[in-house]
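# Close look at the chain arrangement
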Amino acid sequence: MATKNALKVIGTLAAAALALAACGTTSGGETAKVAESIGDGEGQVSILAWPGYVEDGSNDPNVDWVTQFTADTGCKVSYKPFGTSDEAVTLMRTGQYDVISASGDASLRLVAGGDVQPVNMSLLKNYPDVYPFLKDQAWNTVDGKNYGMPHGWGANLLMYRTDKVSPEPTSWGSVFGGAAEHSGKVTAYDSPIYIADAALYLMKHKPELGIKNPYALDADQLAAAVSLLKEQRTHVGEYWNDVVKEVQSFASGTSVIGTTWQVGANIAQADGAPVETLLPEEGATGWSDTWMIGSKTKNPNCAYKWLDYIASPEANAKVAEYFGESPANPKACELTTDKDHCTTYHSGDAAYAEQIWYWTTPVAKCIDGRTDVKCTDYSEWTKAWTEIKG
Amino acid sequence: MSLQTHPGTKPDPGTLPGPAVVPRAKKNTLSAFLSRAPRIRLAGLLTAPAGWLILVYVAALAALLITALWTVDTFTGKVSTTWTLDNITQVLTDPVYQIITLRTIWIALAVTVIDMVIAIPIAFFIAKVATAHWQKILVIAVLMPLWASYLVKAYAWRNVLADGGLLEWLGAPVGVSSPGYSETAVILTLAYIWLPYMILPIHAGFEKVPDSLLEASSDLGAKPLKTMRLVMLPILVPSIIAGTIFTFSLSLGDYITAQIVGGKTQMLGTVVYANVGAANNLPFASAVSLIPIVIIMVYLFVVRRTGALNNL
């Protein structure tokens, strides 16, 4: 009797859960109309962004570019930071946010989910200044429609301890084929997206695999990258996903060679750790963020104003310097407090930027243009990553 | 005239005003009804706690199980509600998940055994050797680490275990080297973090052993070790098992320590975290998280007869 009742209760709950899920999965696929002009501000804008991208002086009185924006446009900013691209995608789906700073591994998902709208870039007066190599890229432009304002970018570099690694490395081979030399002291980025680093290495050293883009791997190519990474694993001491932890490993000598972001190298060098970074001969993976506008926004004018403002030389300089990245607008380089900022981050170096394969979500439809095969998607990469780490 | 002011007066139904009688009569009907129907009385009493339990516990588990049977569109991140056993099949058949499960169980067991070995003498000392004044201080000392954040403790161990860290510095003269960031580091750190959860139930167990019983054992000629084995241990077993439930289940689900000092160690928790936090694949993460639930249910089922569950 009791069991029967319990079953009934569970059944009812299951039905309720199903109903809820059904509501959640209704797709908001249709594309919003592209704006033709920017009107008066609505008085507010809500922004979803990486921590450090929207500062109003409340964290550090010296770091504030939001107050200026509100004074200029009358748009009050409410800001919600997110920790990962996946959190960003989930939050954006609620439709509560007008603007989002999306990295390349989130932007295509937002477009496909109908969560963001195309942006009329001709309305944004700072857009023409933006570095050309950041425009019309796979992570911000879909089917010829532009989805937003490029923000800063950076590369995933190779870092090594100058006192423990010699001669100076020149290739990613130092952490793949040559990893045995520093066995147990090699570090790698702890994310499925790191598979692209191995794919990039194979692209240059095993041309017979036919990899044209490290984010478009068919099953065979993925298997080759996985076996390379499994080989690497035996020499890895630690996988990192927190740049502070990584810097500490390099400082103590627990890690002596591996991937880093420039900001990590700067922190380590400021602490006196003997580390150097380089962009190896194969090039590198990297990240580039895009400011996008929500498809359900009620404040489109303020959203457009934010996209334009954040790419202005003054604001872009402040963000890039505070966050530790390359600005999108070259005019920002003259306004940074540290005059070497753009040199350190190779901001205007198109040849340097060309060697960078920016993070893009791997999807089943191959982004290198192949139509005869199905590519592996991000969930397959995640499962492969679990398998690699063992 | 009223009934209350004249208890001795025999009530005369004919003269009583209607309204004064009706509420009493109603109340009587309800309580009389309940006293005649014990099942309904019981149901009434149990509805609130049972409802709460179902809402918080059973519903959560059911939701988890249902989610594990769904799939996710990995591109848009939207859950598609088609039923499939793929996730569960993959978790059960893929060797990598079997290895991770075994490793997680091994880590949880090692942590539990280490904590047990350290906790029994400490708990014995606090409960039976220390004076009443010191007992209080020592119990506070055991509780003290719980006041510090888990993260701070785990990061502190990261520094202790680093190359050139405290452990290496202390260990160098006696030839002990740091295990670095590894599985051993995870076991050490978890054993440190969960230790109070083992000491406290065992301490409570020792407190229950009356001193007179130990004196009687001694009077009858038992040596301390024999008293320990034949008198104290049987009384203590439920408390020790209560402690192991804490350390074992907490280690089984941990993912933070593994990320901070684990180097490249994967546990079930880190796999769940990777699938929820990185891949947004909730159904697959649910399927993985069913493993520790099953393990701990089996463990609880095995130990339920020892009376350990009354000591939690």
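Shown above is the structure to which this text applies.
Residues numbered from 1 in each chain as written. Chains lettered and ligands numbered in written order. Predicted model: local features only at pLDDT ≥ 70, side-chain atom pairs only at ≥ 80, totals over all residues. Heavy atoms only, no water.

## Some words on the nonpolar core
All names here are of chain A. Within the largest apolar cluster, 105 residues are counted, with the highest numbers of intra-cluster contacts made by Ile 195, Trp 291 and Trp 306. Looking at this core element by element, the count peaks at eight residues for helix α5 (residues 195-205). Built from parts of two domains, this core gets at least three residues from each of domain 1 (3-153 + 287-354) and domain 2 (157-260 + 360-389). When neighbours within four sequence positions are excluded, Trp 306 is seen to be in contact with Ile 47, Val 54, Trp 65, Val 66, Phe 69, Val 77, Val 99 and Trp 291. (Core = buried A, V, L, I, M, F, W, Y, C linked by side-chain atoms within 4.5 Å. Buried < 20%, exposed > 50% of the residue type's maximum accessible area, 1.4 Å probe, protein only. Helix = DSSP H or I, 4+ residues; strand = E, 2+ residues; numbered from the N terminus. Domains from an automatic or database assignment. Contact = heavy atoms within 4.5 Å.)

## Considerations on helix α7 (residues 243-252) of chain A
Residues and elements named next belong to chain A. A large share of α7 lies buried, amounting to seven of its ten residues. Along α7, the residues classified as buried are Val 243, Lys 245, Glu 246, Val 247, Gln 248, Ser 249 and Phe 250. Positive phi shows up at Gly 253, right after α7, with a value of about 90°.

## Side note on helix α2 (residues 38-68) of chain B
Thr 47 of chain B marks the point of greatest bend in α2 of chain B, at about 45°, and the proline Pro 49 of chain B comes within the next four residues. Among the residues of α2 of chain B, those classed as buried are Ala 59, Ala 62, Ile 66, Thr 67 and Ala 68 of chain B. (Bend = angle between axes of the 7 residues up to and from the residue.)

## Here's the deal with the packing of aromatic side chains
The geometry of an aromatic ring pair is captured by two quantities: the separation of the ring centres and the angle between the planes. Residues and elements named next belong to chain A. Counted under the stated rule, the structure contains 31 aromatic pairs over all chains. Ring centres of Tyr 194 and Trp 385 lie 6.0 Å apart, and the angle between their planes is 70°; this geometry places the pair in the edge-to-face category. One end of the pair, Tyr 194, is in the loop between β8 (186-189) and α5; the other, Trp 385, is in helix α13 (residues 378-389), with 191 residues separating them in the sequence. In terms of burial, Tyr 194 and Trp 385 fall into one category: buried. (Phe/Tyr/Trp six-rings, centres within 6.5 Å; stacked < 30°, edge-to-face > 60°.)

## Notes on empty space enclosed by the protein
All names here are of chain A. Counting across every chain of the model gives three cavities of 30 Å³ or more. In this structure, the largest cavity occupies an estimated 110 Å³ of space. Lining the largest cavity are 15 residues, with Trp 153, Gly 154, Ala 155, Gln 262 and Tyr 345 positioned closest to its centre. Elements represented by at least two residues in the lining of the largest cavity include exactly β7 (149-161) and α8 (262-270). No other element matches the four residues that β7 contributes to the lining of the largest cavity. Taken together, the residues of the lining of the largest cavity break down into eight nonpolar, six polar and one charged. Lining the second largest cavity, in full, are Asn 156, Tyr 189, Tyr 194, Asp 197, Trp 240, Thr 259, Thr 260, Trp 261, Thr 285 and Trp 359. Tallying contributions element by element places strand β10 (residues 257-261) first for the lining of the second largest cavity, with three residues. Here the lining of the second largest cavity is composed, by residue class, of five nonpolar, four polar and one charged. (1 Å grid on protein atoms, 1.4 Å probe; cavity = no way out; pocket = protein on both sides within 12 Å on 5 of 7 lines; lining within 4 Å. Points joined across faces, edges and corners; volume = space filled by probe spheres on them. Nonpolar A, V, L, I, M, F, W, Y, C, P; charged D, E, K, R; others polar.)

No statement about biological role is implied by the geometric values presented.
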